[in-house]
Amino acid sequence: MRPSGRKTDMMRAVSFERNISKHAEGSCLVKFGDTHVLCTASLEERVPPWLRNGGKGWVTAEYGMLPRSTGDRMRREATAGKQGGRTLEIQRLIGRSLRAVVDLEALGERQITVDCDVIQADGGTRTASITGAWIALYDCLKWMEARSMVKVERVLKDHVAAISCGVFAGQSVIDLDYLEDSAAETDANFVMTGSGGIVEIQGTAEGAPFSEAQLLELMALAKAGIADLVTKQKETVAGPQ
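Overview of the structure. Keep in mind that what you see is a predicted model, and the values were worked out from it rather than measured. Counting from 1, residues in each chain are numbered in the order their sequence is written. Where local features are concerned, this predicted model is filtered to residues with pLDDT of at least 70; where side-chain atom pairs are given and counted, the filter is 80 or more; whole-chain, interface and lining totals use all residues. Computation of side-chain values: all heavy atoms of the structure, hydrogens and water removed.

## A word on the environment of I226
Definition in use: Secondary structure counts use DSSP, requiring at least four H or I residues in a row for a helix and at least two E residues in a row for a strand, with both numbered from the N terminus. The contact definition used throughout considers only heavy atoms, calling two residues in contact when any of these lie within 4.5 Å.
Inspection of the secondary structure puts I226 in helix 7 (residues 212-238). Taking the C-alpha atoms as reference, I226 lies 18 Å from L156; in sequence the two are 70 residues apart. Those residues within four positions of I226 in sequence are excluded, and the remaining contacts are A161, A162, I163, F190, V191 and M192.

Pasting the structure below:
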């Protein structure tokens, strides 16, 4: 039995709240159970120097955890003078995941930065960030479309969402919370598009190696979970802003 009482294929309650930020061009508060992440998309009429005059835009991301997003207060990375390796790895993953479904030429020479700030962490912060970041990016593009800057359907090619899966107490399970994540025998994160394309798979055995059969079990769980997340994304953006 999972600590939460969930079945092996049952995700936590997922919700998206749009327009959570007054100033950002696009924003979303995403909740995967007790993991809450604020995603804000900001538009700039410039691109990094290495992209200037190339006719393409850029989509990137930054990620951070607030000091009391966990049980004990975390020191702000800004006070340490540098970002940690985990932070850099996650924000690069978010950026890659979003760019996988964006036509950078259709965006034009502009940059959209999606900030993912973890308000409360209970496992799966990177997967919640990617899934909520897509909503924030969509709303930023809708903001641009309302000002005749772009057409959303030309820039945004597909949905993208992510979910964690793992082997806990000998069973393949989906959407691990902290209690499961901290004790999992295998921990994996799957990023996929709405059409089923694979963007990234991260999988690690925490103890004994996992088998190919277990990997396929985790993949099947992830595909079903991401399909559900994409449906929720579609329902969210179809509603009033």
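## A few points about the packing of helix 2 (residues 85-99) against helix 4 (residues 125-145)
Applicable threshold: As a rule, the C-alpha atoms of each element are fitted with a line to give its axis, helices using only the stretch in contact, and angles between N-to-C directions run from 0 to 180 degrees. Comment on the angle field: the value is read as roughly parallel under 35 degrees, roughly antiparallel over 145, roughly perpendicular from 65 to 115, and oblique elsewhere. In this scheme the handedness of a crossing depends on how the near helix is turned from the far one: anticlockwise by less than a right angle means left-handed, clockwise means right-handed.
Relative orientation of the contacting elements helix 2 and helix 4 amounts to 40°, with a least axis distance of 10 Å. The orientation of helix 2 relative to helix 4 falls into the category oblique. Between helix 2 and helix 4 the crossing geometry is right-handed. Residues R86, E89, I90, L93, I94, S97 and L98 of helix 2 pack against T125, R126, S129, I130, A133, W134 and L137 of helix 4.

## Looking at the sheet that holds strand 3 (residues 35-44)
This is how it is decided: Two strands qualify as a pair provided DSSP detects at least 2 bridges between them.
Reading across from one edge, 1-2-3-5-4 is the order of the five strands in this open sheet, with mixed pairing throughout. Where the open sheet ends on each side, the last strands, each with one partner, are strand 1 (14-18) and strand 4 (58-65). Across the sheet, the mean angle from the axis of one strand to that of its neighbour is 20°, orientation sign disregarded. Of the strands in this sheet, strand 1, strand 2 (26-32), strand 3, strand 4 and strand 5 (111-120) touch helix 4, which is tilted by about 35° from strand 3. Sheet strands touched by helix 7: strand 1 and strand 2. Its angle to strand 1, the strand with the most contacts, is close to 30°.

## Overview of helix 2
To keep it simple, the criterion reads: In a helix, the anticipated span is given by 1.5 Å times the number of residues less one. Classification of residues uses two cut-offs on accessible area relative to the type maximum, computed with a 1.4 Å probe and protein chains only: under 20% is buried, over 50% is exposed, and between them is partly exposed.
Spanning 15 residues, helix 2 covers 21 Å between terminal C-alpha atoms, matching the ideal 21 Å at 1.5 Å per step. Three or more residues of helix 2 are buried, namely T87, I90, Q91, L93, I94, G95, S97 and L98.

## Thoughts on helix 4
Compared with an ideal rise of 1.5 Å per residue, which puts 21 residues at 30 Å, helix 4 spans 30 Å between its outermost C-alpha atoms and is within 8% of the ideal. With respect to burial, helix 4 is a largely interior element, 18 of its 21 residues being buried.

## Some thoughts on the sheet that holds strand 9 (residues 198-205)
Note: strands within a sheet are paired through backbone hydrogen bonds, in either parallel or antiparallel orientation. Strand order in the open sheet made by the four strands is 7-6-8-9, with antiparallel pairing throughout. Of all strands in the sheet, those bounded by a partner on one side alone are strand 7 (171-174) and strand 9. Adjacent strand axes in the sheet meet at a mean angle of 15°, parallel and antiparallel pairs treated alike. Of the pairings in the sheet, the one linking strand 6 (residues 160-168) to strand 8 (residues 186-193) comprises eight bridges and is antiparallel in character. Following the sheet pairing, A162 is matched in strand 8 by V191. Helix-sheet contacts for helix 4 involve strand 6, strand 8 and strand 9, and the interaxial angle to strand 6 is about 165°. Sheet strands touched by helix 7: strand 6, strand 7, strand 8 and strand 9. Its angle to strand 6, the strand with the most contacts, is close to 145°.

## Topic: the nonpolar core
Short version of the rule: Only buried residues count toward a nonpolar core, which is a set of Ala, Val, Leu, Ile, Met, Phe, Trp, Tyr and Cys residues joined through side-chain atoms within 4.5 Å.
If you look at the biggest cluster of nonpolar residues, it comprises 62 residues, and the most contacted ones within it are I94, I112, L141, L156 and I163. With sequence-adjacent residues up to four places away left out, L141 is seen in contact with L107, I112, V150, V152, V155 and L156.

## A few points about the packing of helix 4 against helix 7
Note the cut-off: Any residue that is not Ala, Val, Leu, Ile, Met, Phe, Trp, Tyr, Cys, Pro, Asp, Glu, Lys or Arg is counted as polar, Gly included; the first ten are nonpolar and the last four charged.
Between helix 4 and helix 7, whose axes approach to 11 Å, the crossing angle comes to 25°. Considered as vectors, helix 4 and helix 7 are oriented roughly parallel to each other. As for the relative orientation of helix 4 and helix 7, their crossing is right-handed in sense. Every residue of helix 7 that contacts helix 4 at T131, W134, I135 and Y138 is listed here: L229, Q233, T236 and V237. Its residues assigned to classes, the contact of helix 4 with helix 7 comprises five nonpolar, three polar and no charged.

## Structural notes on the environment of P67
Among the structural elements, P67 can be located in the loop between strand 4 and helix 1 (77-80). For P67 and A224, which are 157 residues apart along the polypeptide, the C-alpha to C-alpha distance reads 33 Å. Residue contacts for P67: discarding those within four places in its chain leaves D72, R73, M74 and R76.

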